[in-house]
Amino acid sequence: MSKSATERLEAVEAEIAKACKIAKRERDDVSLVAVSKTHPAERIVPLLEAGQRIFGENRVQEAQGKWPELREQYPDVELHLVGQLQSNKAEDAVQLFDVIHSLDRASLVKALAKAFDKTGRKVPCFVQVDIGEEEQKGGCPIKDLPDLLAQAKEAGIPVAGLMCVPPFGIEPAPYFALLAKLADDHGLEGRSMGMSGDFPTAIMLGATHIRVGTALFGERGS
Ligand SMILES: *Cc1c(COP(=O)(O)O)cnc(C)c1O
């Protein structure tokens, strides 16, 4: 028998609690973003029923298909965009999402500022940093971060913090530590880092938002 959503959530919560205790941090200092990408509403409802309220999706269109209806039943849901965002989808993203984790380039700063104007909404954004220098993952090169943050500030984008996805298959701790240092250097509170395989490490290194999919929903595409 595979585990139920409630059991998975309890197991993840227990690991969060343990990491917070070791790091002498409060549970409330860490937001658990349940990444529900690829999973249909039927898989999401059990987690909502278990009390989870913060969810993450990586595609605007997919989220538009699932969340408006779920939100009618669970109006206090907070929806986070954790995937790369095309400038031409900025307005749709701003309409649907409460937080964006993937601001990574000047053209997107412009598109988001325009979308804020048009919709009258202002959504907190994390600036995604290309922490392992892997272009295909998206993210702003570390050397361009000061300029991008200045442009975001100039355009009136509320920058919540920094986000990263470290390279796959190697020890992530040095990358989490680097992201935390960059956030410190720029006086930013938020650190969106840590996924199913490494969120306890991320919490110990100062994550404020962990993005957890597989540990809560099981493998994608199964
Ligand atoms: C899919 C995804 C996650 C969740 O990954 P898991 O390993 O399933 O926990 C986190 N962050 C981003 C940006 C993702 O695309």
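Look up a bit, the structure's there.
Residues numbered from 1 in each chain as written. Predicted model: local features only at pLDDT ≥ 70, side-chain atom pairs only at ≥ 80, totals over all residues. Heavy atoms only, no water.

**Student:** Explain the nonpolar core here, please?
**Tutor:** One broad rule of soluble globular proteins: the nonpolar side chains tend to lie buried together. Judged by nonpolar contacts, the single largest core of 63 residues is most densely connected at F55 and L112. Looking at which element gives the most residues to this core, the answer is helix α5 (residues 106-119), with seven residues. If we ignore the near neighbours within four places in the chain, the residues touching F55 are V33, A34, S36, I44, L47, L48, W67, V77, E78, L79, H80 and F217. (Core = buried A, V, L, I, M, F, W, Y, C linked by side-chain atoms within 4.5 Å. Buried < 20%, exposed > 50% of the residue type's maximum accessible area, 1.4 Å probe, protein only. Helix = DSSP H or I, 4+ residues; strand = E, 2+ residues; numbered from the N terminus. Contact = heavy atoms within 4.5 Å.)

**Student:** Is there a simple way to think about the site of the ligand in this case?
**Tutor:** Every residue near the ligand is listed here: V35, K37, V82, M163, M195, S196, R211, V212, G213, T214 and R220. For the ligand, an oxygen atom lies 2.6 Å from a polar atom in the side chain of K37. Protein burial of the ligand: of its 390 Å² of free accessible surface, 87% is covered by the chains. The class makeup of the residues in the shell around the ligand is five nonpolar, three polar and three charged. (Near = heavy atom within 4 Å. Polar contact = N/O pair within 3.5 Å; in protein donor to acceptor, adjacent residues only side chain to side chain. Areas by Shrake-Rupley, 256 points an atom, 1.4 Å probe, with all protein chains shown as cover. Nonpolar A, V, L, I, M, F, W, Y, C, P; charged D, E, K, R; others polar.)

**Student:** Teacher, can you tell me more about helix α6 (residues 145-154) here?
**Tutor:** Because an α-helix packs 3.6 residues into every turn, residues spaced three or four apart end up facing the same way. Turning to α6, its buried residues number three or more, namely L145, L148, L149 and A152. The arc enclosing the buried residues of α6, seen along the axis, measures out at 100°, which places them on a common side. Seen from the open side of α6, the exposed residues pointing more than 90 degrees away from its buried face are D147 and E154. Phi turns positive, to about 80°, at G156, one or two residues after α6. (Arc of directions from axis to C-beta.)

**Student:** Would you take a moment to explain the side chain of D130 for this structure?
**Tutor:** Assignment of secondary structure puts D130 in the loop between β5 (125-128) and α6. Despite its burial, D130 pairs with no opposite charge; the closest candidate is K137, at 7.7 Å N-O. A polar atom in the side chain of D130 sits 2.8 Å from the backbone nitrogen of E134. The contact partners of D130, leaving out residues within four places of it in the chain, are E135, G138, G139, C140, P141 and I142. (Lys, Arg positive; Asp, Glu negative; His and termini not counted. Salt bridge = Lys/Arg side-chain N within 4 Å of Asp/Glu carboxyl O.)

**Student:** Just checking my understanding: could you explain helix α2 (residues 41-49) for this structure?
**Tutor:** For α2, the full list of buried residues reads I44, L47 and L48. Down the axis of α2, the buried set is contained in an arc of 100°. They therefore lie on one face. Turned more than 90 degrees away from the buried face of α2, the exposed residues are E42 and E49. Buried positions along α2 lie against α1 (5-22), β1 (31-35), β2 (54-57), α3 (60-73) and α9 (214-217).

**Student:** Quick question: what am I supposed to make of the side chain of H209 here?
**Tutor:** Turning to its location among the elements, H209 is positioned in strand β8 (residues 209-212). In this structure the side chain of H209 is engaged in a polar contact, spanning 2.9 Å, whose partner is the side chain of T208. Apart from the residues lying within four places of it in its own chain, the contact partners of H209 are S31, V33, H80, H101, F126, R191, S192 and M193.

Function cannot be inferred from these measures alone, as they are strictly geometric.
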